[in-house]
Amino acid sequence: MNILIIKLAAIGDVIRTTSILPGLKEKYQSSKIDWITKKESFDILKNNNLIKKTYLIENDINGIKDNEYGLIINLDDDLDACKLVSNIKSKNIIGAYLDNENRTYTKDSAPWFDMGLISKFRKEKADQLKAQNKKTYQEIMYEILDLNYKKQEPILILNNNEFANTFSKNNNIKNEDLVIGINTGAGGRWQDKKLSVEQTAELINKLNNENINGENIKLLLFGGPEEKDRNQKIMDLVKTKIIDAGCDNSLMDFASLVNLCNILITSDSLAMHIGTALKKKIVCFFAPTSPQEIELYNRGIKIIPKKGCVCCYKSKCDIPPQWNINEFVNAIKKLNE
């Protein structure tokens, strides 16, 4: 059977959705799986040998309309994604689609889309369901696809280590070092999803001053293009050593630097999804987004604020999160035991 997966964005969501591929291959052993995504996520998927062909919604759609699929899995509520479902021949659909120009979703995919933007219950009830949910994204995906869930992991293939090797040499990072990645930003959508500049500097200083099992510690400060000014402010405040990983790395170069880390401290963000797929130990902190939805595969510790909103999904929390930085340090110690 030919299967088509539609998952366009965000990049982190594309990464975690690759965890369904082993389950699909186990259930449909002779299947060939294609994937439609956005250009920004192409490099995440291009080396995955469980995918026959990756199509880009920006310029490859005409080439796919002649294909016929036994199953289309659309895990995006994006209007363009839903339109695609209507324009591609298929025998069965799981997920979101258009019905009389309105976005809706199949009954079997309700456990996911009931909590989303196109929920039949509307936003207030959908947000309540999101907060009450105790299942991980992977558990929900396997449930709606009727697959055998065995904690199958997301897949991210790194083929070129030259960038990371050069970075290591330039920054004197050795195999015996304990490399800790610091990724406390989270873009601009959720203001309270990140640690403040001051808290991040405090965390860096405390980690440098702690004797964590006598290890030689190297700390890498991560960020994206939108966090360049923020990271510079952090480095200006830090009184101890920190290595700037840069904010203008390509997606796969960013991933290769994450791969240098033994432990990653991160918000619920792209860096977390990359670290999870690369099987890193992770300390992940949550406020407006759902900690229950995230699977760390027994390699991580989740931190939620002692006071403040959790899983409110508001751009600005009604009650700003309050963090105890010592909890982050203790989590690192525990993961390094």
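Computed from a predicted model, the values in this text were never measured in an experiment.

## Side note on the overall build of the chain
Each helix and strand in the chain was counted, giving 14 helices and 14 strands. Within the chain, buried positions represent 53% of all 337 residues. Of the contacts made within the chain by residues no fewer than 6 positions apart, 58% connect residues no fewer than 24 positions apart. Looking at the chain as shown, the accessible area adds up to about 15700 Å², and 43% of this sits on carbon and sulfur atoms. Seen as two clouds, the 48 positive and the 44 negative side-chain charges of the chain have centres 2 Å apart.

## Quick notes on the packing of helix α12 (residues 251-258) against helix α13 (residues 270-277)
Across the interface, α12 lies against α13 with an axial gap of 10 Å and an inter-helix angle of 60°. In this view, α12 runs oblique relative to α13, as classed from their interaxial angle. For the crossing formed where α12 meets α13, the hand is right-handed. Side by side, α12 and α13 meet where Leu251, Phe254, Ala255 and Val258 of the first sit next to Leu270, Ala271, Ile274 and Gly275 of the second. Partitioned by chemical class, the residues of the contact of α12 with α13 number seven nonpolar, one polar and no charged.

## So, the nonpolar core
In this structure, Ile44, Leu156, Phe222 and Ile274 are the most contacted members of the largest nonpolar core, which totals 60 residues. Those residues in contact with Ile44 that lie beyond four places of it in its chain are Ile11, Val14, Ile15, Ile155, Leu156, Leu251 and Met252. Core analysis: the next-biggest nonpolar cluster, separate from the first, contains 29 residues, Ile204, Leu219, Ile325 and Phe328 among them.

## Here's the deal with the sheet that holds strand β10 (residues 217-221)
The parallel open sheet is built from six strands, whose spatial order is β11-β10-β9-β12-β13-β14. In this open sheet, the two edge strands, each paired with only one partner strand, are β11 (243-244) and β14 (300-303). Judged from the four bridges that link them, strand β13 (residues 281-285) and β14 form a sheet pairing that is parallel. Paired with Phe285 across the strands is Ile303, a residue of β14. Here α13 sits on the sheet in contact with β9 (178-183), β12 (263-267) and β13, set at roughly 150° to β12.

## Describing the sheet that holds strand β2 (residues 32-37)
As summarised here, the arrangement of the six strands in space is β3-β2-β1-β5-β7-β8, forming an open sheet in which the pairing is mixed. Two strands lie at the open edges of the sheet, namely β3 (53-56) and β8 (102-105), each paired on one side alone. Each strand axis lies, on average, 30° off the axis of its neighbour in the sheet, ignoring direction. Relative to strand β7 (residues 93-99), strand β5 (residues 71-74) runs parallel, the two being bridged by three bridges. Note on β7: the bridge partner recorded for Asn74 is Gly95. Those strands touched by helix α5 (residues 79-87) are β1 (2-6), β2, β5, β7 and β8, and its axis lies near 100° from that of β7.

## Re the packing of aromatic side chains
Evaluated as defined, the whole model comprises seven aromatic pairs. For the pair Phe285 and Phe328, a centre-to-centre distance of 5.5 Å together with 65° between the ring planes defines the contact as edge-to-face. Of this pair, Phe285 sits in strand β13 while Phe328 sits in helix α14 (residues 325-335); the two residues are 43 residues apart in sequence, bridging distant segments of the chain. Look at Phe285 and you get buried, because its relative accessible area is 1%.

## Some remarks on the pattern of salt bridges
Inspection of the entire model under this criterion finds 19 salt bridges. One salt bridge in this structure joins Lys151 and Glu295, with 3.7 Å as the shortest N-O distance. Here Glu295 lies in the loop between β13 and β14 and Lys151 lies in the loop between α8 (137-144) and α9 (162-170), a separation of 144 residues in the sequence. For the salt bridge of Lys314 with Asp318, the shortest nitrogen-to-oxygen distance reads 2.4 Å. Judged by its relative accessible area of 37%, Lys314 falls in the partly exposed class. One network of salt bridges, in which partners are shared, links Asp13, Arg16, Lys130 and Glu293.

Cut-off values and rules
- Residues numbered from 1 in each chain as written.
- Predicted model: local features only at pLDDT ≥ 70, side-chain atom pairs only at ≥ 80, totals over all residues.
- Heavy atoms only, no water.
- Helix = DSSP H or I, 4+ residues; strand = E, 2+ residues; numbered from the N terminus.
- Buried < 20%, exposed > 50% of the residue type's maximum accessible area, 1.4 Å probe, protein only.
- Contact = heavy atoms within 4.5 Å.
- Areas by Shrake-Rupley, 256 points an atom, 1.4 Å probe, with all protein chains shown as cover.
- Lys, Arg positive; Asp, Glu negative; His and termini not counted.
- Charge placed at Lys NZ, Arg CZ, Asp CG, Glu CD.
- Axes fitted to C-alpha atoms, helices over the stretch in contact; angles between N-to-C directions.
- Parallel < 35°, antiparallel > 145°, perpendicular 65-115°, else oblique.
- Left-handed = near helix turned anticlockwise from the far one by under 90°.
- Nonpolar A, V, L, I, M, F, W, Y, C, P; charged D, E, K, R; others polar.
- Core = buried A, V, L, I, M, F, W, Y, C linked by side-chain atoms within 4.5 Å.
- Pairing = 2+ DSSP bridges.
- Phe/Tyr/Trp six-rings, centres within 6.5 Å; stacked < 30°, edge-to-face > 60°.
- Salt bridge = Lys/Arg side-chain N within 4 Å of Asp/Glu carboxyl O.

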